[in-house]
Amino acid sequence: MNKKDILQIFIDIYSNKYKVYYNSIISEKYNYFFLVKDNQKKYLAVVGKPEMVEKFEGSTPEEKKIGKEELLVKICYLNHHNLSVLREIFPHLNPSFCGLKPSFGTGDRLGIATPAHLQAFQGKDIFPILAQQSVREMARTERNWQKVLDDTIWGCFEAGYIGPFGADADHVKDIKELKEAADCGYRMFTLDPSDFIRNDIKKLGKQELDQLYIQIPNSKEIKKLYLGKSYKVNGQELILDEKSLNEITLTYSEALKHVVKCYEFLKGYKKDNFDLEISVDETPTVTSPLAHLFIVLELQRKGVNFQNIALHFLGDWQKGIEYIGNVKEFAKEFSLHAAIAKNIGGYKLSLHTGSDKFSVYPIFTQETEGLCHIKTAGTTWLEEVKVVAMKAPALYRGIHRFALKNFEKDRASYNLTTDLSRIPDIDTIADDELVNLFKQNDSRQLIHITYGSILRAKNDEGKYIFKDRIYKVLFQYEENHYRELSNHIKRHLELLISF
Ligand SMILES: [Zn+2]
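Residues numbered from 1 in each chain as written. Predicted model: local features only at pLDDT ≥ 70, side-chain atom pairs only at ≥ 80, totals over all residues. Heavy atoms only, no water.

Enquirer: Can you break down the overall build of the chain residue by residue, with the values?
Expert: Within the chain one finds 19 helices and 15 strands. The globule rule puts the C-alpha radius of gyration for 499 residues at 23 Å, and the 25 Å found for the chain is close to it. With the C-alpha coordinates aligned to their principal axes, the bounding extent of the chain is approximately 85 × 55 × 45 Å. Counting across all 499 residues of the chain, residues that qualify as buried make up 57%. A separation threshold of at least 6 residues defines the contact pool for the chain, and within that pool the share at least 24 residues apart is 71%. When the 69 positive and 68 negative side-chain charges of the chain are each reduced to one mean point, those points stand 1 Å apart. (Helix = DSSP H or I, 4+ residues; strand = E, 2+ residues; numbered from the N terminus. Rg over C-alpha atoms; globule rule 2.2 N^0.38 Å. Buried < 20%, exposed > 50% of the residue type's maximum accessible area, 1.4 Å probe, protein only. Contact = heavy atoms within 4.5 Å. Lys, Arg positive; Asp, Glu negative; His and termini not counted. Charge placed at Lys NZ, Arg CZ, Asp CG, Glu CD.)

This is the structure in structure tokens:
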């Protein structure tokens, strides 16, 4: 019997009770696995030998003897246990190492976007990092490492995807979190040492700087290695003079120490190879080309094998909207960063807050010649809420009003120039025009930064006000959800394939 026969028999048995995801079916000897849904939920359907079927948790198996192989049919839950069994049978369902291939991260806060993301990646030679969530995002969405990864893998299974994909434990700040993510099977770790980066250095006078500098344990060694050394990059000479070396060392030395500690831990703990990203993007100061040079040389000298580095690049990088700033100036400074990366070699430049930064993508990919990684997350959430606005306008209106109330509180952790007074009064907008709000920066950011409050909001009875209804709408209008989202991510990816 082949896969087609199995699906036909399944449909005959259950008539119209379940919709089958045809692309999802995979087999191992006489055992077949595929995804189905009724009008409430998705399930894993297992058709196979009794000893296989009994490994999975679900309803009691139907005693349907199929063909002369006498196979059983069981409707199983999309839970962690069942996924772990599947991951053992089918190794392609485990996250892979990416290395220096061009890559793109698609953070998925609701955990239902992977099939749409995969549609967008189709036919493109870009490594997908499909699971990508930061510790902060997980707190705001009440998810955890395991749940984020499981949701992604179920998404891969649904889409019948057999290619490699990455899983990025994003913005991890300590070893405890690293260990938890590693235990779940993450293969990429983004270390965020920003708690150890000093941001007050530029304000200090020379005397204070000198005094602080000699307190650094290896300050003499650093001086010997770097002081007065010149690096020829892109026809320009970069020189670490005393002032810049002091400032940069003082700003980053504790952070680098922390990175080395975390790396040593991972190296000893992870049995398979892993991608490591160092992110210094979430700092108030722009990373200068000299600082970039110093950080990378120091990391390599300490033997840290990293694949990506995320710098704080010039300009205003706000969530879910276009780049704000002078693109030409960005291009000029970025070409230096790209040249440094090329000269030193062995790593990629990573761009965070990459959602909707269409104007800088071509520069980013061309200058790096594809040695680049980009992260997005908020844009997926915005597309999903856009579908809610299209299909359930009353629900969207509730979300919008709630977001307005929570905006001032939620904006605290972001750098934003949002002006709520530019958002038209929602009562004056017709249902079919709500979608236009997603073309305007202020209303995009309104919905973008309040995602945690929206998803966690509960009524007096302790029930979610919006979360369950958002999932319900996206479940009911899954085709629209996948189409809108994959088209939008495609717009991003199409700008990246010119290297
Ligand atoms: Zn970041």
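Once the structure has been displayed, the description carries forward.
Enquirer: Quick one: what's the story with the pattern of salt bridges, residue by residue and with numbers?
Expert: This structure, assessed with the given rule, holds 34 salt bridges. The closest approach of N and O atoms between lysine 37 and glutamate 478, which form a salt bridge, is 3.7 Å. Taken together, the residues lysine 37 in strand β2 (residues 31-37) and glutamate 478 in helix α19 (residues 478-494) connect sequence positions 441 residues apart. Side by side, lysine 37 and glutamate 478 carry an identical accessibility label, which is buried. Salt-bridge contacts for arginine 422 lead to aspartate 442; the nearest nitrogen and oxygen are separated by 2.9 Å. One end of the pair, arginine 422, is in the loop between α15 (393-410) and α16 (441-449); the other, aspartate 442, is in helix α16, and 20 residues separate them in sequence. You can call arginine 422 partly exposed: its relative accessible area is 47%. Taking relative accessible area as the criterion, aspartate 442 reaches 6% and is therefore assigned buried. If you follow the salt bridges from partner to partner, you end up with Lys37, Lys42, Glu158 and Glu478 in one network. (Salt bridge = Lys/Arg side-chain N within 4 Å of Asp/Glu carboxyl O.)

Enquirer: Let's hear about the coordination of the zinc ion: which residues, and what values?
Expert: Distances from the zinc ion to its protein donors, namely His171 (NE2), Asp281 (OD) and His352 (ND1), fall within the range 2.0 to 2.2 Å. Look at where the donors of the zinc ion fall in the sequence and you get H-x109-D-x70-H. On the criterion of sequence distance, the pair formed by histidine 171 in strand β8 (residues 166-172) and aspartate 281 in the loop between β12 (275-279) and α11 (289-301) is long-range, its members being 110 residues apart. The residues histidine 171 and aspartate 281 share a single accessibility class, namely buried. (Donors = N, O, S within 2.8 Å, 3.2 Å for Na, K, Ca; no water.)

Enquirer: So what's going on with the pairing of strand β1 (residues 19-28)? Residues and values would help.
Expert: Pairing of β1 with β2, which is carried by six bridges, proceeds in the antiparallel orientation. Each residue of the ladder has a partner; that of glutamate 28, found in β2, is asparagine 31. The antiparallel hairpin formed by β1 and β2 contains two residues in its connecting segment, where lysine 29 sits at a positive phi of about 50°. (Pairing = 2+ DSSP bridges.)

Enquirer: Tell me about the packing of aromatic side chains, residues and numbers included.
Expert: Given two aromatic rings, one states the distance between the centres and the angle between the planes to describe the pair. Applying the stated rule across the entire model yields 28 aromatic pairs. Ring geometry for phenylalanine 306 versus tyrosine 347: centroids 5.3 Å apart, planes at 45°, classification tilted. Residue phenylalanine 306 is found in the loop between α11 and β13 (308-310), and its partner tyrosine 347 is found in the loop between α12 (327-344) and β14 (348-351); the two are separated by 41 residues along the sequence. Exposure remark for phenylalanine 306: the relative accessible area of 3% places this residue in the buried category. (Phe/Tyr/Trp six-rings, centres within 6.5 Å; stacked < 30°, edge-to-face > 60°.)

Enquirer: I'd love a proper account of the sheet that holds strand β6 (residues 103-106), names of residues and values included.
Expert: The eight strands are arranged β6-β7-β8-β9-β12-β13-β14-β15 in a closed barrel whose pairing can be described as parallel. Here the strands of the sheet are splayed against their neighbours by 25° on average, with no regard to which way each runs. Alignment of β14 against strand β15 (residues 372-376), held across three bridges, turns out to be parallel. Each residue of the ladder has a partner; that of leucine 349, found in β15, is cysteine 372. Set on the sheet, helix α4 (residues 114-121) makes contact with β6 and β7 (127-134); between it and β7 the angle comes to about 145°. (Axes fitted to C-alpha atoms, helices over the stretch in contact; angles between N-to-C directions.)

Enquirer: Quick one: what's the story with the environment of glutamine 440, residue by residue and with numbers?
Expert: On the secondary structure map, glutamine 440 appears in the loop between α15 and α16. The exposure class assigned to glutamine 440 is partly exposed, which follows from its relative accessible area of 22%. Sequence separation of glutamine 440 and isoleucine 423 is 17 residues, and the distance between their C-alpha atoms is 8.1 Å. Dropping the residues within four chain positions of it, glutamine 440 is found in contact with Arg422 and Ile423. At a separation of 3.2 Å, a polar atom in the side chain of glutamine 440 contacts the side chain of aspartate 442. (Polar contact = N/O pair within 3.5 Å; in protein donor to acceptor, adjacent residues only side chain to side chain.)

Enquirer: Which residues make up the nonpolar core, and what values do they have?
Expert: With 106 residues, the main nonpolar core has Phe33, Tyr186, Phe189 and Leu276 as its most contacted residues. The contacts of leucine 276, once residues within four sequence positions are left out, are Phe189, Leu191, Tyr263, Leu266, Val304, Asn305, Phe306, Gln307 and Asn308. Counting residues in hydrophobic clusters, the runner-up holds 33 residues, among them Val388, Phe438, Ile447 and Ala457. (Core = buried A, V, L, I, M, F, W, Y, C linked by side-chain atoms within 4.5 Å.)

Enquirer: Outline the state of the cysteines, supporting the account with residue identities and numerical values.
Expert: Evaluated as defined, the whole model comprises zero disulfides. Considering cysteine sulfurs only, cysteine 372 is the nearest to cysteine 98, which forms no disulfide, with 10 Å between them. Classification of cysteine 98 as buried rests on a relative accessible area of 3%. Free of any disulfide, cysteine 184 has its nearest cysteine sulfur in cysteine 156, 16 Å distant. (Disulfide = S-S within 2.5 Å.)

Enquirer: How would you explain the environment of histidine 171 if you had to name every residue and give the values?
Expert: A relative accessible area of 10% means that histidine 171 is categorised as buried. Sequence spacing of histidine 171 and glutamate 282 is 111 residues, and the spatial spacing of their C-alpha atoms is 9.4 Å. Apart from the residues within four sequence positions on either side, histidine 171 is in contact with Ser134, Val135, Thr190, Asp192, Ser279, Asp281, Glu282 and His352. Side chain to side chain, histidine 171 and histidine 352 meet in a polar contact 3.2 Å long.

Note that every value here comes from positions in space, so none of it alone points to a role or purpose.
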